[in-house]
Amino acid sequence: MKPQATGQIVGNDLILTRRFEAPIEDVWTSVTDPESTARWFGRWEGDAGPGKVVRLQLAYEKDQPWTDVTIEQCEAPRRLVLVMKDDSGDWRVGISLSQTGATTILQFTQHLSDLALAGEVGPGWEYYLDMLVAARDGAALPRFEDYYPAQKSHYSRQA
């Protein structure tokens, strides 16, 4: 079964949500601990904290490149805002966590400087967030080919 696109474009923001039956601190660890992020996104190294720069290896991208990531905000265990720079420009992404009862909601947001990028970027973040879900569940990791280009039109239409 192909994964369904779930994200929305609101203004210039790409927004995706995932639910976890886990405490907020546990989900926070999954998105901030270098050993945990290595399982679904990439490992990072450096001295982390607001205003600091760490190095991130994009483990599931071609050639597994390293990139600098600036930590704009870090309010454990609720909010993380990062800026990554590459040949495509600046990627400002935020993760907000909230917990109600036993459920933690993760909201991912990327501000798109150009809405034309939505069809390219949206499926990628769907893939990575589903990688996070699979890594946490100990399930098989999804395949990028199931997301792109199949989900491209979902995002392009909204832009």
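Calculation notes
Residues numbered from 1 in each chain as written. Predicted model: local features only at pLDDT ≥ 70, side-chain atom pairs only at ≥ 80, totals over all residues. Heavy atoms only, no water. Helix = DSSP H or I, 4+ residues; strand = E, 2+ residues; numbered from the N terminus. Rg over C-alpha atoms; globule rule 2.2 N^0.38 Å. Buried < 20%, exposed > 50% of the residue type's maximum accessible area, 1.4 Å probe, protein only. Contact = heavy atoms within 4.5 Å. Areas by Shrake-Rupley, 256 points an atom, 1.4 Å probe, with all protein chains shown as cover. Lys, Arg positive; Asp, Glu negative; His and termini not counted. Charge placed at Lys NZ, Arg CZ, Asp CG, Glu CD. Polar contact = N/O pair within 3.5 Å; in protein donor to acceptor, adjacent residues only side chain to side chain. Expected span 1.5 Å × (residues − 1). Pairing = 2+ DSSP bridges. Axes fitted to C-alpha atoms, helices over the stretch in contact; angles between N-to-C directions. Salt bridge = Lys/Arg side-chain N within 4 Å of Asp/Glu carboxyl O.

Novice: Would you mind going over the overall build of the protein chain with me for this structure?
Specialist: Within the protein chain, the regular secondary structure consists of 4 helices and 8 strands. Along the protein chain, helices and strands appear, N-terminal first, in the series β-β-α-α-β-β-β-β-β-β-α-α. Over its C-alpha trace the protein chain gives a radius of gyration of 15 Å, about what one expects of a compact globule, namely 15 Å for 159 residues. For the protein chain, with 159 residues in total, the buried portion stands at 38%. Taking as baseline every contact in the protein chain between residues at least 6 positions apart, the subset at least 24 positions apart corresponds to 48%. A total of about 8,600 Å² of accessible surface is found on the protein chain, and carbon and sulfur atoms cover 50% of it. On the protein chain, the mean spot of the 16 positive side-chain charges and the mean spot of the 23 negative ones are 3 Å from each other.

Novice: Is there a simple way to explain the side chain of Thr104 in this structure?
Specialist: Topologically, Thr104 is positioned in strand S8 (residues 103-111). We classify Thr104 as buried; its relative accessible area is 0%. Within the structure, the side chain of Thr104 is placed 3.1 Å from the backbone nitrogen of Ile24, a separation counted as a polar contact. In contact with Thr104, other than residues within four places in its own chain, are Arg18, Arg19, Phe20, Ala22, Pro23, Ile24, Val27, Leu97, Ser98 and Gln99.

Novice: Before we go on, may I ask you to explain helix H3 (residues 118-137) in this structure?
Specialist: Given 3.6 residues to a turn, an α-helix orients residues that are three or four positions apart in the same direction. With 20 residues, H3 extends 28 Å from end C-alpha to end C-alpha; this agrees with the ideal 28 Å at 1.5 Å per step. Burial within H3 is extensive, with 15 of its 20 residues counted as buried. Remark: Gly138 follows H3 within two positions and exhibits a positive phi of approximately 70°.

Novice: What should I look at first to understand the environment of Met131 in this one?
Specialist: As for its placement among the helices and strands, Met131 is situated in helix H3. Along the primary structure Met131 and Arg39 are separated by 92 residues, whereas in three dimensions their C-alpha atoms are 8.2 Å apart. Leaving out residues up to four positions away in the same chain, Met131 has contacts with Trp40, Tyr60, Leu141 and Pro142.

Novice: Even after reading the chapter, I still don't get the sheet that holds strand S4 (residues 53-57), so can you show me in this structure?
Specialist: Within a beta sheet, neighbouring strands are joined by backbone hydrogen bonds and run either parallel or antiparallel to one another. Strand order across the open sheet formed by 8 strands is S1-S2-S8-S7-S6-S5-S4-S3, with antiparallel pairing between neighbours. Each having just a single partner strand, strand S1 (8-10) and strand S3 (44-45) make up the two edges of the open sheet. Note: strand S2 (residues 13-20) against S8, 8 bridges, orientation antiparallel. Each bridged residue has a counterpart across the sheet, and for Phe20 the counterpart in S8 is Thr104. Of the strands in this sheet, S2, S3, strand S5 (66-75), strand S6 (79-86), strand S7 (89-100) and S8 are in contact with helix H1 (residues 24-32), which crosses S7 at around 160°. The strands that H3 touches are S1, S2, S6, S7 and S8; relative to S2, the one it contacts most, it runs at about 15°.

Novice: For this particular structure, what's the right way to read the pattern of salt bridges?
Specialist: Pairing is possible between side chains that carry opposite charge, provided their charged atoms lie close to one another. Scanning the entire structure with this criterion turns up 11 salt bridges. Measuring nitrogen to oxygen at the nearest pair gives 3.0 Å for the salt bridge that ties Lys2 to Asp146. Residue Lys2 is found in the segment before S1, and its partner Asp146 is found in the loop between H3 and helix H4 (152-158); the two are separated by 144 residues along the sequence. Asp146 gets classed as buried once you look at its relative accessible area, which sits at 17%. Of the charged contacts, one joins Arg55 and Asp68 as a salt bridge, the two residues approaching to 3.1 Å between their closest N and O atoms. On the criterion of sequence distance, the pair formed by Arg55 in strand S4 and Asp68 in strand S5 is long-range, its members being 13 residues apart. The structure contains a network of salt bridges with shared partners spanning Lys2, Arg143, Glu145 and Asp146.

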